Each structure stands twice: as structure tokens, then as C-alpha cells.
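These are the residues of each chain, in order.
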Number of protein chains: 4
Amino acid sequence: MSKQQDSVHDVAHLGRVELLTPKADRSLWYFRDVLGMEVVHAADGSVFLRGYGDYAAATLKLTEAANAGVGCVSWRASSPQALQRRAESIDQTGLGLGWNEHDFGLGRAYRFRDPDGHLMEIYYDEQKYVAPEPLRSTLKNLPQKFTGRGVGVRRIDHLALLAKDVAANREFVQQQLGFQLREQVVFDKGKTEIGSWLSPSPIHHSLAYVMDIEGGNGRLHHFSLWVDNREDVLRAATVMRENDIFIEAGPSMHNNSQGFYLYSYEPGGNRVEVYSGSYLVLAPDWEPVIWNEEERGTGVYWGSALPETFLNYGTPNIAVAEQSPRQKIPVFDPH
Amino acid sequence: MSKQQDSVHDVAHLGRVELLTPKADRSLWYFRDVLGMEVVHAADGSVFLRGYGDYAAATLKLTEAANAGVGCVSWRASSPQALQRRAESIDQTGLGLGWNEHDFGLGRAYRFRDPDGHLMEIYYDEQKYVAPEPLRSTLKNLPQKFTGRGVGVRRIDHLALLAKDVAANREFVQQQLGFQLREQVVFDKGKTEIGSWLSPSPIHHSLAYVMDIEGGNGRLHHFSLWVDNREDVLRAATVMRENDIFIEAGPSMHNNSQGFYLYSYEPGGNRVEVYSGSYLVLAPDWEPVIWNEEERGTGVYWGSALPETFLNYGTPNIAVAEQSPRQKIPVFDPH
Amino acid sequence: MSKQQDSVHDVAHLGRVELLTPKADRSLWYFRDVLGMEVVHAADGSVFLRGYGDYAAATLKLTEAANAGVGCVSWRASSPQALQRRAESIDQTGLGLGWNEHDFGLGRAYRFRDPDGHLMEIYYDEQKYVAPEPLRSTLKNLPQKFTGRGVGVRRIDHLALLAKDVAANREFVQQQLGFQLREQVVFDKGKTEIGSWLSPSPIHHSLAYVMDIEGGNGRLHHFSLWVDNREDVLRAATVMRENDIFIEAGPSMHNNSQGFYLYSYEPGGNRVEVYSGSYLVLAPDWEPVIWNEEERGTGVYWGSALPETFLNYGTPNIAVAEQSPRQKIPVFDPH
Amino acid sequence: MSKQQDSVHDVAHLGRVELLTPKADRSLWYFRDVLGMEVVHAADGSVFLRGYGDYAAATLKLTEAANAGVGCVSWRASSPQALQRRAESIDQTGLGLGWNEHDFGLGRAYRFRDPDGHLMEIYYDEQKYVAPEPLRSTLKNLPQKFTGRGVGVRRIDHLALLAKDVAANREFVQQQLGFQLREQVVFDKGKTEIGSWLSPSPIHHSLAYVMDIEGGNGRLHHFSLWVDNREDVLRAATVMRENDIFIEAGPSMHNNSQGFYLYSYEPGGNRVEVYSGSYLVLAPDWEPVIWNEEERGTGVYWGSALPETFLNYGTPNIAVAEQSPRQKIPVFDPH
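### Notes on the pattern of salt bridges
All names here are of chain A.
Inference 1: Summed over the entire model, instances satisfying the criterion amount to 82 salt bridges over all chains.
Inference 2: Of the charged contacts, one joins Arg32 and Asp33 as a salt bridge, the two residues approaching to 3.1 Å between their closest N and O atoms.
Inference 3: Asp212 is the salt-bridge partner of Arg219, the closest N and O atoms lying 2.9 Å from each other.
Inference 4: On the accessibility criterion, Asp212 (5% relative accessible area) is buried.

### Comments concerning the interface of chain A and chain C
Inference 1: Each side of the interface is counted separately: chain A has 18 residues, and chain C has 18 residues.
Inference 2: When the two sides are added together, the surface that chain A and chain C hide from each other amounts to roughly 1500 Å², 50% of it contributed by carbon and sulfur.
Inference 3: Linking chain A with chain C are 2 salt bridges, by the criterion used here.
Inference 4: Close ionic contact of Arg230 of chain A with Glu231 of chain C constitutes a salt bridge, the shortest N to O distance being 2.5 Å.
Inference 5: Listed by contribution, the elements that provide at least two residues to the side of chain A that touches chain C are helix 5 (230-242), strand 14 (246-254) and strand 18 (300-302) of chain A.
Inference 6: The element contributing the most residues to the side of chain A that touches chain C is helix 5 of chain A, with 8 residues.
Inference 7: For the side of chain A that touches chain C, the per-class residue count stands at 9 nonpolar, 4 polar and 5 charged.

### Observations regarding helix 5 (residues 230-242) of chain B
Residues and elements named next belong to chain B.
Inference 1: Along its 13 residues, helix 5 runs 19 Å from first to last C-alpha, staying within 8% of the 18 Å computed at 1.5 Å per residue.
Inference 2: Buried residues dominate helix 5, accounting for 12 of its 13 residues.
Inference 3: Every buried residue of helix 5 is accounted for by Arg230, Glu231, Asp232, Val233, Leu234, Arg235, Ala236, Ala237, Thr238, Val239, Met240 and Glu242.
Inference 4: Of the residues one or two after helix 5, Asp244 is the one with positive phi, at around 55°.

### So, the pairing of strand 12 (residues 207-211) of chain D
Residues and elements named next belong to chain D.
Inference 1: For strand 9 (residues 155-163) and strand 12, the ladder comprises 5 bridges, and the chain directions are parallel. By the bridge assignment for strand 12, Ala160 is matched with Ala208.
Inference 2: Where strand 11 (residues 192-199) and strand 12 come together, 4 bridges link them in antiparallel fashion. The partner of Trp197 across the bridge, within strand 12, is Ala208.

### Considering unusual backbone geometry
Inference 1: A cis amide bond links Gly250 of chain A with the next residue in sequence, Pro251 of chain A, at an omega value of 5°.
Inference 2: Residue Pro316 of chain A is bonded to the preceding Thr315 of chain A through a cis peptide linkage, with omega at 0°.
Inference 3: Structurally, the position occupied by Pro316 of chain A is in the loop between helix 7 (308-312) and helix 8 (318-322).
Inference 4: A positive phi angle, close to 60°, is found at Ser278 of chain A, a residue other than glycine.
Inference 5: With a phi close to 55°, Asp188 of chain D is a non-glycine residue in the positive phi region.
Inference 6: Within the secondary structure, Asp188 of chain D is located in the loop between strand 10 (180-187) and strand 11.
Inference 7: For Asp188 of chain D, a relative accessible area of 39% puts it in the partly exposed group.

### Looking at the sheet that holds strand 4 (residues 60-64) of chain A
Residue and element names in this part refer to chain A.
Inference 1: Strand order in the open sheet formed by 8 strands is 2-3-4-1-5-8-7-6, with mixed pairing between adjacent strands. Both edges of this open sheet fall to strand 2 (38-43) and strand 6 (96-100), since each of them pairs with a single strand only. With strand direction ignored, the average angle separating the axes of adjacent strands in the sheet is 25°.
Inference 2: Pairing between strand 1 (residues 11-21) and strand 4: 5 bridges, direction parallel. Bridge pairing in strand 4 links Leu20 to Thr63.
Inference 3: Against the sheet, helix 2 (residues 24-34) contacts strand 1, strand 2, strand 3 (46-50) and strand 4, and its axis sits at roughly 160° relative to strand 4.

### Some details on the packing of helix 3 (residues 80-91) of chain A against helix 4 (residues 166-177) of chain A
Working note: a packed helix pair is described by the angle between its axes plus the distance between those axes.
All names here are of chain A.
Inference 1: Taken N-terminus to C-terminus, the directions of helix 3 and helix 4 make an angle of 135°; their axes are 9 Å apart at the nearest point. Judged by the angle between their axes, helix 3 and helix 4 are oblique. Taking contact as the criterion, the partners of Arg86, Ser89 and Ile90 in helix 3 are, on helix 4, Phe172, Gln175, Gln176 and Leu177.
Inference 2: Its residues assigned to classes, the contact of helix 3 with helix 4 comprises 3 nonpolar, 3 polar and 1 charged.

### A closer look at the relation of the copies chain A and chain C
Inference 1: Superposing chain A onto chain C takes a rotation of 180° combined with a translation of 0.0 Å along the rotation axis, leaving an RMSD of 0.0 Å. These values place the two chain copies in the arrangement generated by a two-fold rotation axis.

### Thoughts on the pairing of strand 15 (residues 259-265) of chain D
All names here are of chain D.
Inference 1: Judged by how many residues are buried, strand 15 sits mostly within the fold: 7 of 7 residues are covered.
Inference 2: A two-sided burial pattern is seen for strand 15, the buried positions comprising Gly259, Tyr261, Tyr263 and Tyr265 on one face and Phe260, Leu262 and Ser264 on the other.
Inference 3: Taking the residues that link successive antiparallel strands as the turn, the strand 14 (residues 246-254)-strand 15 hairpin has 4 residues, and the phi of Ser257 there is positive, at about 80°.
Inference 4: Two elements, strand 15 and strand 16 (residues 271-277), share 7 bridges in a ladder whose sense is antiparallel.

### Some points on the confidence of the model for chain A
Inference 1: Mean pLDDT over chain A works out to 93, with 94% of the residues at or above the 70 mark.
Inference 2: As a predicted assembly, this complex carries a pTM of 0.95 together with an ipTM value of 0.93.

### Overview of the interface of chain D and chain A
Inference 1: Listed per partner, the contact involves 41 residues of chain D and 41 residues of chain A.
Inference 2: Both faces considered, chain D and chain A share a buried interface measuring about 3500 Å² in area, 56% of it formed by carbon and sulfur atoms.
Inference 3: The largest share of the area that chain D buries against chain A comes from Lys140, Asn141 and Leu282 of chain D, three residues that together contribute 19% of it.
Inference 4: In this structure, Lys140 of chain A and Glu295 of chain D form a salt bridge, with 2.9 Å as the shortest nitrogen-oxygen distance.
Inference 5: The interface formed by chain D and chain A includes 21 residue pairs in polar contact (both at pLDDT 80 or more).
Inference 6: Of all the secondary-structure elements, those providing two or more residues to the side of chain D that touches chain A are strand 1 (11-21), strand 5 (69-77) and strand 17 (289-291) of chain D.
Inference 7: The dominant element in the side of chain D that touches chain A, judged by the number of residues it contributes, is strand 17 of chain D, at 3 residues.

### Some thoughts on the sheet that holds strand 6 (residues 96-100) of chain C
Residue and element names in this part refer to chain C.
Inference 1: Reading across from one edge, 2-3-4-1-5-8-7-6 is the order of the 8 strands in this open sheet, with mixed pairing throughout. Each of the sheet's edge strands pairs with one partner strand only, and the pair in question is strand 2 (38-43) and strand 6. Adjacent strand axes in the sheet meet at a mean angle of 25° when their direction is disregarded.
Inference 2: Where strand 7 (residues 109-113) lies against strand 8 (residues 119-123), 5 bridges are found, and the strand directions are antiparallel.

### Things to note about the relation of the copies chain D and chain A
Inference 1: At an RMSD of 0.0 Å, chain D and chain A line up after a rotation of 180° and a shift of 0.0 Å along the axis.
Inference 2: Mapped onto chain A, 100% of the interface residues of chain D are again interface residues, and the two copies thus contact each other with one and the same surface.

### Things to note about the packing of aromatic side chains
Inference 1: Here the structure, examined in full by the defined rule, presents 52 aromatic pairs over all chains.
Inference 2: Residues Tyr52 of chain A and Phe146 of chain A carry aromatic rings whose centres are separated by 5.1 Å and whose planes lie at 70° to one another, so their mutual orientation is edge-to-face. One end of the pair, Tyr52 of chain A, is in the loop between strand 3 and strand 4; the other, Phe146 of chain A, is in the loop between strand 8 (119-123) and strand 9 (155-163), with 94 residues separating them in the sequence. For the residue pair Tyr52 of chain A and Phe146 of chain A, the accessibility class agrees, reading buried in each case.
Inference 3: Ring centres 4.7 Å apart and planes at 20° place the aromatic pair Tyr265 of chain B and Tyr313 of chain B in the stacked group. A residue pair is termed long-range when its members are at least 10 positions apart, and Tyr265 of chain B in strand 15 (residues 259-265) and Tyr313 of chain B in the loop between helix 7 (308-312) and helix 8 (318-322) qualify at 48 residues. No difference in accessibility class separates Tyr265 of chain B from Tyr313 of chain B, as the two residues are buried.
Inference 4: One residue, Arg50 of chain A, lies across the ring of Tyr129 of chain A, its end atom 3.6 Å from the ring centre.

### Brief notes about the side chain of Asn255 of chain A
Inference 1: The topology assignment puts Asn255 of chain A in the loop between strand 14 and strand 15 (259-265).
Inference 2: Asn255 of chain A has contacts with Trp291, Glu295, Arg296, Gly299, Val300 and Tyr301 of chain A together with Leu139 and Asn141 of chain D, leaving out every residue within four places of it along the chain.

### Notes on the packing of helix 5 of chain B against helix 5 (residues 230-242) of chain D
Inference 1: It is the contact of helix 5 of chain B with helix 5 of chain D, at a shortest axis distance of 10 Å, that shows an interaxial angle of 110°. Relative to helix 5 of chain D, the element helix 5 of chain B lies roughly perpendicular. With respect to the hand of their crossing, helix 5 of chain B and helix 5 of chain D are arranged in right-handed fashion. Residues Arg230, Glu231, Leu234 and Arg235 of chain B of helix 5 of chain B form the contact with helix 5 of chain D, whose own contacting residues are Arg230, Glu231, Leu234 and Arg235 of chain D.

### A few points about the side chain of Ser201 of chain A
Inference 1: Looking at where Ser201 of chain A falls in the secondary structure, it is placed in the loop between strand 11 (192-199) and strand 12 (207-211).
Inference 2: Non-local contacts of Ser201 of chain A, meaning those with residues more than four positions away in its chain, are made with Ala12 and Arg182 of chain A together with Pro202 and Leu282 of chain D.

### Some details on the environment of Lys61 of chain C
Inference 1: You can see Lys61 of chain C is positioned in strand 4 (residues 60-64).
Inference 2: Separated by 20 residues in sequence, Lys61 of chain C and His41 of chain C have C-alpha atoms that sit 9.4 Å apart.

Definitions and cut-offs
Residues numbered from 1 in each chain as written. Chains lettered and ligands numbered in written order. Predicted model: local features only at pLDDT ≥ 70, side-chain atom pairs only at ≥ 80, totals over all residues. Heavy atoms only, no water. Salt bridge = Lys/Arg side-chain N within 4 Å of Asp/Glu carboxyl O. Buried < 20%, exposed > 50% of the residue type's maximum accessible area, 1.4 Å probe, protein only. Contact = heavy atoms within 4.5 Å. Buried area = accessible area lost by both parts, 1.4 Å probe. Helix = DSSP H or I, 4+ residues; strand = E, 2+ residues; numbered from the N terminus. Nonpolar A, V, L, I, M, F, W, Y, C, P; charged D, E, K, R; others polar. Expected span 1.5 Å × (residues − 1). Pairing = 2+ DSSP bridges. Axes fitted to C-alpha atoms, helices over the stretch in contact; angles between N-to-C directions. Parallel < 35°, antiparallel > 145°, perpendicular 65-115°, else oblique. Least-squares fit on C-alpha atoms with pLDDT ≥ 70 in both. pLDDT = per-residue confidence, 0-100. Polar contact = N/O pair within 3.5 Å; in protein donor to acceptor, adjacent residues only side chain to side chain. Phe/Tyr/Trp six-rings, centres within 6.5 Å; stacked < 30°, edge-to-face > 60°. Lys NZ or Arg CZ within 6 Å of the ring centre and 35° of its normal. Left-handed = near helix turned anticlockwise from the far one by under 90°.

Written out as C-alpha cells, the structure is:
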């Protein structure tokens, strides 16, 4: 039995994403008032938020930092045993960083870096959300009231990370986290892996690695939040325009993933997607769909081509960061 | 040339609806925070509101009163000449009340009652809305920012009035206001006019008269506000449930009018509809669609049958009002 | 009283559009199988079609021709008297062509050209659609069954014509057809009228004139058909992609008109829009919204910028037509 | 480690549902022309169909039979080893029926009955769908073209079975198939289990057991197919009405499951749901949401109450079947 098969099902889902922002107040406004997330907690320069449908106490950690980017990406294990298995296995790769015990809402978490340097962790115990009275939903199976504020994102969905070597990082999460490969963009007759989309669950992708053509490390392409209907994405575009948020692309439909997307930049500079559609993958023997140059085209099924920035902008923004001495401090780790 | 032809095109559209409420604060909360309307002005026990797409300064006047119901229904004339023609013509019917000059946002208005006693007026001059800076839209052709608050109704659409004698009232607005008859429900082989839907514009109906089976006078069946997509009506239902608003019927689709409806009761007791769909009528020689008992059925194209209350509840609620000495004061006229 | 005021309300609505196509079979397939329109009649090289919600017998006339483009644009008058008034008035402009009596589904029609040379006509009498048994709707107020085939357009909505002199054509339809000006794009500090959107009814625009930067005459920019919800436009995009129809732009939202658009080229080469959203204009004293260079931007509220072809491609395609001797025959007039 | 934990993840998803129909031709018309499914194969009185997004060759088997009802319910195992484990474990319960090798599109399948008598099977090998040229999608990751015909269901989603003893059947699939319990309706202060919703994957429920208050055995409550947006469900209602399909309830929104539903009866009598919305369950330690009488109410979050038939009608229809001698043959097993 391969290493990959050992790890299948050990990770249940994406649990939390930490975003770094040099404009903490404006970023908070974006996630709370424009996207409509709920603030749950604040401590040590971080604010914790959640979508109304997230069952965990907090799924987004917004941390003030010198540069925009992604902080720690947290994966929930399927069981305490699975967590232990993953920690032991990752430890042997030399990429482990040890246990972290003190983050709001989470139990002990085993931290590590992926080959590209992104900080990640895996945990099992967590605090479930219990809504205070004004935020209790009239639906017993909804953890929190749908407030109708702003876009009204339901839950976090996935994130896309930039990586110098997509294959190496893809193999790492396949083997160490048991993710199933769903789709790939491969150019040069199979030689250049441009992007790979993976997931530990039937959600089409919880993590994508996309080539960092600027040659950075540990950078974020985008973080994505879910709404239930395509119409919600259209409405989100109007909400964003009325709030002077920069829309980079969409609303429109990808060919790979079939995702219905709207990409904006939150005030701190991170690319954030409001997302719906796509498709579930339930087949245990799913054969990855591989797109070559011609098939991939502009990455759009219908709607206009993605702009140049979609290919070369990530956070931290290297061009900007190079001009800043603060860049010397690794920007992807706020700790 | 018939009287009706004289008046065609003299009325442009429904301009404002005054609703009476015994729970002014709660009703205001409903229209502002749940429906997402904007407060523009307040004076003399009335609050003036608007939908984000209404071009006039205020389209809903909310007035504190002993009982729920409809106050004055204001129609905008097509020109000063049309206003004068209508005033002179109505004056001859004996239903005229004379000119009113002092309402917020409107120029002089000629007031009258329809045969059932509902207070109405017709005006031409009005104050167009100019949004203050925080409410300016990023769309130059949108009078006000789409705030995304609550349901987010775009504009007022129509209202339905109860009447003891539907035919008499229907003929009055055909002749005096030039409304075109769009659809009718007629029972007993053409003898009993249950309801008639009329409009001065291609909007399917701006006014409906429905038989008051309780035998009241001057009562309101419902007041309706528009959203652009059916999905907005579905979203409205969730917003209402999360705010403990009573939903009487829908979201569902009528057969007559093809309207996609959601009927709730605002806290003051008036039935309010969030509405989309239906169809425009552009034909100058439109032949009214007439539904008999069998064709009309439950009034629903798909979705469950309308509840009993939909047929017998109106405001003021006669059953309640009878128990109250305040009922002696005619409830449909707050002046 | 000005000429314009005389003509107000004399035209009720856009009644029929004739499109010319060099690929009649493929164009028919597009309108019938992709857009889902119904074929009603065929004669003399033309096929007559309709949307399921159109009340007239036929609203699209598809005519085989050497080049793509628009044939005759038919406007329905509000009354026989209005028709007579318009005919007499247009006759005095020298642009009248006389009465046409023989088109399927229409009574006598007064033909004329607008200053740019587009063929138009105005009529009052027409044949209402009576659905054959298999196409009868279960809705009494719907002229035809919703078949669910393809996109399922409900009705024709508007058309945009290219013109060398936008102002001259705009003034012509304001004065002779009583259209109200809704929006304009005017560059060079008010000196260059790039486009004007007009309508005889509360529909935002039934006719647009846009500058023909290629210097042609009588050309078509696009013809537009309505669906009820934005979601229908999204679905249309997928239907078009699955049928290998070229999508030029959208689905996305314009700033001027607030229209939610999807532009494709039908196989004959004409640009066809599937359209929803926008807003009704009910004000009799509507003040046109005028956009300058900066305000207009790309013409898009959200979604990607319109492609270059949107500005310079029209039918007949001059570049192509110049290479063809058949171009000597005026392509905008199939008669 | 408990039996339940052994079986977790051994079943991947619902693979196929067999429906029995006494009106095979009309049922075929319903699934092919009204729901828009594709016919893949026919043999021995059965027709095999699929949704455009299903990756397997066939997901619905429609079999002619004396009475309506459900035939065999097929679950796909996660691996050959998982299949073997499940077969061995079920064999020990005494409910096993042995291996079946000959069904179209499936490899060997281990058959069994649940305690209530419903026929089920579990398999691993299967034939993936390869679209013939006219049905190839322009999307590489979509197994089949979206034809736009009828409702256009994407994939099968779940089914609900009636059972005399909900708890016994619920425990069976928890233990033997590793399903996670998602929600329950329990009356009488926890004593009467009215219904339980379960799933082997993050799909909210793939199987529900609901109390058979008529006291039947092996009966079907409904079979459900997925569309991506709530708007698709609304459109489905119109498609059904135009095709004279009986709509029992909806479109509307359940409280438990948050499903957006439309229940119709296919011509053979089986209740079929067109479905969207709901929510994914990703938590490995999900705590079932339990609704009592008061919380459950009518089962509807908004929209009208479900009709009486929703509680007491299932297939085969016992009332009808009792009058038929063919009922003596167990109707849930066509083999």
C-alpha cells in the first residue's frame, strides 16, 4: 500500500485560513461589512471571523502584518488518530515545525511548511460555534443567523497558493495529507505543471498550487469563500462596486473546476474570491482532468479572458516588497 | 371619443403609497432594516422612505395611526395639463376633495376618493431624489447606492385594494385615470367580478381591486415592492424568517399576472409583497384575460394554494377594529 | 406645443425586426434551437419566428440575403389615428417610402428610412398569436407554451443601430416617433454624440443609435431578446458554448442602461444579445443621463471590458462586403 | 473500535437507483424529455439513463413492473477492499443475498436487503461514461454535453425510503455502510424516530429513512436529482406545469436539510424531487441535529406546509396495490 493510500481520509477539510494585511482596519471592514462575515474574537493583532454557515468558531484569522499574504493554513484531521499519523509522517519529511497549542478555537495543532514554504498545520480538536442570542438562526441546523449584511458568504471554501515547483508541492499534499488530485494544467507536452487542484473531500478543490512566475516563495494567489447560488455572486459584484472594492475578474465561469468566480482585492491587497458552482467529486478512482495549452485557453468557459494580473499578481507583492526593508522578515509567518 | 380614451396616458405611474400603522417604530424597522428602504424625511407622525431605484424623493409614507391600513395613494400625472384634465374630470364625479399642497416631496395634488372610499390624489410636480454623499451610487443612472441591507427592494410596484363593488371602482379608474384593464377574475358565469388588475403603464398592474368579502370600506389588501430577480424573492424569504416576520404565502408564482410573490405582514399588520417576474403589457389594444372559477383555481401557477387569510384578511382588520372604539374614526384617512 | 409632444405616445412599442442572413439555415437553427424561438410561418425566402411571451404572431423575420444586417424595423402605433398622424408627419420629412400592405401578420404599414438609411415602418393592425394545441400554455395569460428548448427567450426587446450621425437620427425618432431620450454617451466636452438610447415606452430603450466608426450606412449593431432573470442569461451562455456559438462579450452588466448582457454572433454574422435586468423609466419628465469619456469608461459596470470588436463590428461587415461585388446591392434593403 | 468506525469511508456514494414503473413509456418520457436525462442503454425491460454531470455510464435504471416503487439501490464502494469488507460484514447479519454480476455498467455487486426489505447492493467496478460525439461537452471536465433539454438535472442526489422501524434501518446503514447520521426528527420526547437522514460523504444526505405510517415494506418515499441553482428549481416547476406533471409540493425550502425542493410524481407514480441548496457536512464529529414536534413543525422553513400526501403516499401505493392480485409478488424486487 502506497504512502498516499495511508493518508487518504486523514484530513477532513480546510479548517481555517490566516490572512496577513498591512491595512488591518480596512481589511476587517471588507470581511465584516462587505463580505458579511461575523467577528468572533480578537487578540494579539488578529481578528477571528466566520461565515454564517461555518460550524467552527472561527474560520478566518486576519492578522496585521507588514505585507499582505497568507499566514497559517489549518487543516482539520478526521480523528485524533489521523492527526497523530499525519504528524508522525510529516515529521519524517523534515518539514515539520512541531506542535502549536495556543490559537483561538483550536486544540493542539501540528505545524509544518509545504516545500514552497507556506505555513500549515493540522489539528483535530476545535471549538464549535455557539451563537449568542442575537445571532441565533431560526434554522436549528444553521450555526448562525443569516444576517443579510453585504455579500453574505456562507463558508470558507478553498485557497490557491503560488509555488515555484508545483509538482513538488502537489506530491507533498497528496502523500502527506492524502489529497486527491482533481485537475491539472500542464504545458509543453506534459513537461510543465502550471497548476494542480486537490482536495481531501468531495469539494472539487480545497487547495490549488499555481506556478509562481515571479519566483517568490510562500505566496498566496487567492482565498475563496462560498455562496450558494450564482445569483449571489452577481449580487456580490454590485455590492463590491458600490463599496469601491477593486474587482479583478468575473463574475464569470472557469473551464477547469467549472467554478463561478468573482475575484476582488481586499484592501490589504490579498485576492479574495466569492465563489459558487463547480462540482462535487465523489468517485474514489477519479482520473484527474488534464488541460494542455490549447484546452486551457484563457481559463474561462465563458466570459472575458482573465487579465494579466491574474497570472502574475500574488501576495506578498514581490515588486512592492522588494522596495521595503521589512521584506527581509519572512512575510508568510507572523509568529 | 369615450371618456376613457380622453384619460389614457394622463397618469404616468404610481408615485407614492401611504401606509398607516399602529406600531410605527416596528413598521419603520421592517421597511428600513428588513426591506432595506432608505429613510428620507420625517414630519408630523410620518416617516418618508424610498427604494434604491425610485427616482422620486420618497415613495412610501409611513404614518402612525390607530389602525393599520392604507392612507393616501398618490398617482403621478404625465404633464401639468394632464393633471388639470384629471382634476376637472374627477371634480364632476362628486368624488373630488380638492387640492392638497403640503406633502413632503410633492407639488400640489388633487385629492379624491374612489367609490369604495380609498383616499387618492394626483400630482405632477415632485422633488427628485438627490442622494447625499454616503448614499451616492457608483452607477450614474441609479438614484441611490444599493446598500445591500436586508431584502434590498428596488422600487414600489403596485397595490391591491379591497372593495365591496369591484366593478364600480374598476370603471372609475378606467374612466377617470385612464387605466387599462389587464386581467380579471369573474365568477358565476361572468356575473361576479372578484378582482380586476389595472395599470396606466406597461407595468402589468399598478392597482388591483379585489372583493372585500368582509364588507369593509377603504381597506388594503397588500402593497407591493419590486426586486429584479426571482432569486431576490427567495433570499427575501430567508431574511424575513431570520427576522421573525410572519410570511403568509410564497415565495411562489401566481397564475394571473404571472407574478412571483412573497407575502408577509409588516409589524403594523399590513400585508406587504416582495415581488418580481410578471410581464409587461405593451399592446395598446390589450384584451383583458378573464379567469373563471375553474381557471383561477387557487390563484397559484405552481407552489401551494394561498391560505384562507389571503382571501379574508385586509387592513384595517375589521374583526379587531370592531372591538375598538377607535374604529369609529374612519381608519383610511389620517388627516 | 412642439412636434415632439405631438408624437408622444403615438408609438406603442417595437413590433418586429427583420434580420438578413447569408446563412439562412444556420441562422434559423440558432433562433429556433439555440434561442428557443418558435417558427410560425415561412414565405418568399423569409421565416417568421416569435418568443414564447410575444403576443403578436411573429416578432422576428429572418430573410436570406447576400449579407448580414437588419432589414425592416417595424413599430406598432398606439391607434389607427396615431398611425395616420405619424405617416403624415414623416411624409413631410421627405424620408417616407409609402404604404406596404403585404407582410405576414401585419396590416398596412407606412415605410420610411431614418436619416442613416435604415428601413423602418409603422403599423397598427396586426395578427395576434393563437397557439396551436401542442403549443398552448397552461397559463391562460401566456400566449404560448414555455417549451424549455434552448435559451428560451421570452420576447424581443430592442435593437441598436449604427449611424454616421447619431444626433440626426436621434432627433428624427424623438420628433417623428415620439421617443423619449433615456441615456447618452457624449465625448469631447459635449461635442461628440457617441450613442443615444431611446424608447417610446417605459422599457429603458427600444432603440439605440451608436456611432458607425467605419463610416457605413444602415448597419446593425445588435438585436436583443429578453429573458426574465439574470440566471437565465448565465444559463444561455452555457447553452451557446455547448452549441459552439461565438460569444463576443458577457454575461456581464453595463453601466449605462444597467442591462445584463450576453452578446453572441448568430451564424449569419449578426450580433444578438440575450438580455435581462436594466430598469423601467416611468417618469414623464425623465432627464437623460449623459456619460462622458471618464464616466462611460469601458461601458461595463462590472465584468471585463468589452472587446474592440464591440466598437467596430456591425452588419453588414464593411470589410468583408467591400471584397464582394454583391455589396453593390444596398444590403440593408432586401426588397 | 466500533463496527461503525470500521465501515466509515467504505462507501463512497450513491451510484444508481432503480425505479419500477407500471407506465414505462410515460416514465421514460418524464425522465428523458421533462427532466432532460440521457438514455444510455436498454435491455430486458429496463432503460438506463444519466444526468449530464454523472460520471458513471448510468445512474438511473427504469424498469417496467406491475407497481411503482424502488428496485435495487446501488452504492459504490471506496475500493475493492472496502467492497470485500462490506460484503463479509453484511453476510454476517443474515441480510445478504450474494453476488450479482450482470447489470449494465457495473462490475460484480454484493446484494442485500435492509431490515425493511429494500433491495440494495454495493459494488466497486463500473463503466465510466464516454460521450458519443454529438453528446461531447465543450467542457473537458464535464462527462456529457449540457443539452438544455427540459429541466436539465445534473446528477442523482439521494433517495428517501419508507420504513416501519426507522431506528433499525438507520442503525443498519450506520454500522454496515458507515453512514454518518446528519439529522433526525424524533417525536414523543425522544421515543419515536420519525425520520433519519444519513450519508457516506459530505453530501448532506444520500439516504433518508422515514416512517411508513401505512405499515408497508420496502417502499419508496422519493428519489431526488440535483440542479445547481435554486433558480433551476423554479424553472423546473414551470417546465413541469407546461407538461402537465403533477406537482405535490414546492418549490420551497425545508427546515431540516435546508434543501430547496420540488416534488412531482412521475407518470408511473413515484415521487421525484428536483433539488438544490442544502449544505455540505465536512465535520468528522458532526453532531446530528434532532428536531422534535415543535421544532419540526411542517418541515418547511418558508413556503407553504407540505400536503397530507407527503406523509402518507409512497410507492408502491398500498391502497391501490391491495386491490391487485399482482401485489402478492413482492413489488420492490423486479428480479
